[in-house]
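Coordinate analysis (summary)
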Amino acid sequence: MYDYLREHCSGGEMAGSVVNLDALIPREDMLTPAAEYRGATLERIDIGHLDDAFFVNALRKPDFQRETAHWSPDKVVDLVRAFVSGDLIPAVILWRRGANVFVIDGAHRLSALIAWVKDDYGSGKQSLEHYGGRVPDEQQRIAEKTRKLLNGLVGPYAQLAGAKKNPQNAAPDVQVMLGHLAVNAIVAQWVPQVDEKAAEDSFFKINQAATPIDPTERLILRSRNTPNAIAARAIVRGGTGHKYWAGFPAAAQQQIETEAKAIHAALYEPPLGDQPLKTLDLPVAGRGYSALPFVYELVNWSNDIPDLSKSKTQLEPDPDGSGTIAYLKSVGSSVSLITGTEMRSLGLHPVVYFYTRGGDFQPNAFIATAAFVRDLVQKRRLVEFTKVRAKLENFLLAHKEYITLIIKRTGAGRRSLGRILRYLELLVSEYSAGKTDDDVAAKLQGDSEFAFLVPTMKVPNIRDGENVTRRFSRATKSASFLETATRSAVRCGVCGALVHRNSMQFDHIEAARDGGGADVKNAQVTHPFCNSAKPLLEKAWPW
Ligand SMILES: [Zn+2]
C-alpha cells in the first residue's frame, strides 16, 4: 500500500521540534556604509568572548539570512557538549563591517553556545525582547525542553562559571569541563575586506554548500526588499521580530504590523499542541513555526504574482511600504473568506480541508482551497456551494488521502494547486447536480485527471520509533482521534457542515424581528456566511 504521509509528515514534524535561536544574533543590513577596518582580527573565539558583551554585542547576521531556527534540541545540546568536552567545533566565517561583525557561516553554532551562556533557548530575556514580549507556546515549550536537557547533561553555564572561582571544590567531572572550557575555542576565518556585494555572494556560496537552502527560501532571501517578501516575513512573526520594514514611514510600519498580526492570529491561533492530536480546535494553517515558504506562497498567490522561482525577473523593492500594505490586505481578504467571524467567512474547518488523516497540515491544500473559495466568490457560487457543503465535506473526510495523492502525483509546488482546485470544483458540480457519493467516485474514476484516486483507509506508520514495538504510531493515534471527533463535532444549523471554533456564530432560528426569542431553543450555531446568507439558502438542510 502506498505510504501517503511519508512525503508530507517531515515538514510539520521537523518544523515543530526546532529551537528558535534567532534573537541571539541581531540582523543588520550589510549595505550600511562604514569605514574600512584595518586592525587585527580575532583568530579564536573562546567561551570568554561569548560571555563578553563587547564581542557578542558586535555580532550580526546579514538581514537576508534565514532564521536561526533549524536545529533540534538534541543538536543544540550536542554542540554545547562537544564544546565543553574539548571536541573540535568547525570554524565559523566572519566579515568585519564598521562596528559590526557579520556571521557569514556558523550562526547556529555560535547561537547555540550563546544560548547556553545567556540561558535563552528562544524564550529568555533577549528572545522576549526581540518578539515583543511574547513568543508562541510552541517556541516556549521547545526552549524549556532544551534547557532541561542541557542542564541535565552539562549543567547551567552560570553554575560552571561560579565553579570556576573555586575549581578545587568542584566535582571531578566539573573540573574536567572547566579545563576544556579554559582552552577550547572556535576558529574564526575572516572574509577579506571585500565590498558588500562580494560578501553577500560569498554568503550564498558558503551556505548553499553546507546546508542546501530550500529554493523558495533562497528566493525570499535574494528578494528581501520586495513587498511580497516583506509581507511574508511580517505575517510569519505576527508583526514582531526583526523589522524588515524599519525603513518605511512610521504610519506604514504601524499598519504593516497591525495587518500582519491579525493575519498571523487568523492562521495560527490556537497554537497546535503536541501530537497525536487530541482536539479539533486546531489552527487553520498548522504550526506557525518555520512557515516562511508557505506564507510566501500564500502572499504570492493572493496577489496573483506569477511563480517567481521560474522567472529571472524579480519584483521591484518596496520604497515606502505601500506595496507591502496592499499585499497584506489581499492576504487578509483571502484568509477572511476561509476563517474568522466576518460575514463573508465560510468558516472552513481545517480538519476537513487542510490536515491529512494522520493529523499533519498540508500547505498546498490550504492555498488550493483559498483559490477555490476565491473562485466561488467571483463566480457567485457561494450559495450553490453552501447547499452541497455538508455532502462535499463528508466526501473529503471519507477520502482524506485523495488530496495527498494528487500532490504526490502532480508534484509539490504550484503544479498541484490547479489539480486540487479542479477536484474541489468537480465535487461541487457533481453534488449540485444531485449525484450520490458513489456517482462522484465513479466520475473520478472515469476522469483521466483523477483516475488514480482509489479509496484506501490506510494510515501509514510514521517513523517515530513507536511502530516497531506494535504500539500505535503518532499518525494512527491522530487519525483515530480525528475519525471519532469529526463524527460528533458541532455542525452548522443552516448547512450541516462542521463548525470551527474560530468561525462560530450564534443565530436566531426564528429571526428576532419576527418575534424569535433569545432563549436557548431559538439559538443555533452557524458559519458566519450561512448566518448572513440564510434568506438565500432557504431550508437547505436536511435535504
Ligand atoms: Zn453553514
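1. Considerations on the sheet that holds strand S1 (residues 27–28)
Pairing is mixed in the open sheet, where 6 strands are placed in the order S1-S3-S5-S4-S6-S2. The two strands at the open ends of the sheet, each matched to only one other strand, are S1 and strand S2 (44–46). Pairing of strand S3 (residues 59–62) with strand S5 (residues 100–105) involves 2 bridges; the strand directions are parallel. Across the sheet, residue Leu59 finds its bridge partner in S5, namely Val101. Taken strand by strand, helix H5 (residues 107–118) contacts S2, S3, strand S4 (92–97), S5 and strand S6 (185–190), and its axis lies near 120 degrees from that of S5.

2. Brief notes about the domain arrangement of the protein chain
As assigned here, the protein chain comprises domain 1 (2–213) and domain 2 (214–338). Placing a centre on the C-alpha atoms of domain 1 and another on those of domain 2 gives a separation of 26 Å. Counting residues at the interface gives 30 residues for domain 1, matched by 20 residues for domain 2. Taking both partners together, domain 1 and domain 2 bury about 2300 Å²; carbon and sulfur atoms supply 48% of that area. Joining domain 1 to domain 2, the criterion identifies 2 salt bridges. One can count 4 residue pairs in polar contact (both at pLDDT 80 or more) joining domain 1 with domain 2. For the side of domain 1 that touches domain 2, the secondary-structure elements that each account for two or more residues are helix H1 (6–15), helix H7 (137–153) and helix H10 (196–210). Its residues assigned to classes, the side of domain 1 that touches domain 2 comprises 10 nonpolar, 9 polar and 11 charged.

3. A closer look at the environment of Val494
With respect to the helices and strands, Val494 occurs in the loop between helix H22 (474–487) and strand S7 (505–508). Relative accessible area serves as the criterion here: at 6%, Val494 is assigned to the buried category. Separated by 32 residues in the primary sequence, Val494 and Thr526 place their C-alpha atoms 6.3 Å from one another.

4. Re the pattern of salt bridges
Under the criterion given, the structure shown has 23 salt bridges. In this structure, Glu297 and Arg414 form a salt bridge, with 3.0 Å as the shortest nitrogen-oxygen distance. One end of the pair, Glu297, is in helix H14 (residues 292–302); the other, Arg414, is in the loop between helix H19 (401–410) and helix H20 (415–432), with 117 residues separating them in the sequence. The class for Arg414 is partly exposed, based on a relative accessible area of 25%. One salt bridge connects Glu449 with Arg419, and the closest N-O pair in it is separated by 3.7 Å. You can see Glu449 sitting in the loop between helix H21 (437–445) and H22 and its partner Arg419 sitting in helix H20, a full 30 residues away along the chain. Residues Glu449 and Arg419 agree in their burial class; the two are buried.

Definitions and limits used
Residues numbered from 1 in each chain as written. Predicted model: local features only at pLDDT ≥ 70, side-chain atom pairs only at ≥ 80, totals over all residues. Heavy atoms only, no water. Pairing = 2+ DSSP bridges. Helix = DSSP H or I, 4+ residues; strand = E, 2+ residues; numbered from the N terminus. Contact = heavy atoms within 4.5 Å. Axes fitted to C-alpha atoms, helices over the stretch in contact; angles between N-to-C directions. Domains from an automatic or database assignment. Buried area = accessible area lost by both parts, 1.4 Å probe. Salt bridge = Lys/Arg side-chain N within 4 Å of Asp/Glu carboxyl O. Polar contact = N/O pair within 3.5 Å; in protein donor to acceptor, adjacent residues only side chain to side chain. Nonpolar A, V, L, I, M, F, W, Y, C, P; charged D, E, K, R; others polar. Buried < 20%, exposed > 50% of the residue type's maximum accessible area, 1.4 Å probe, protein only.

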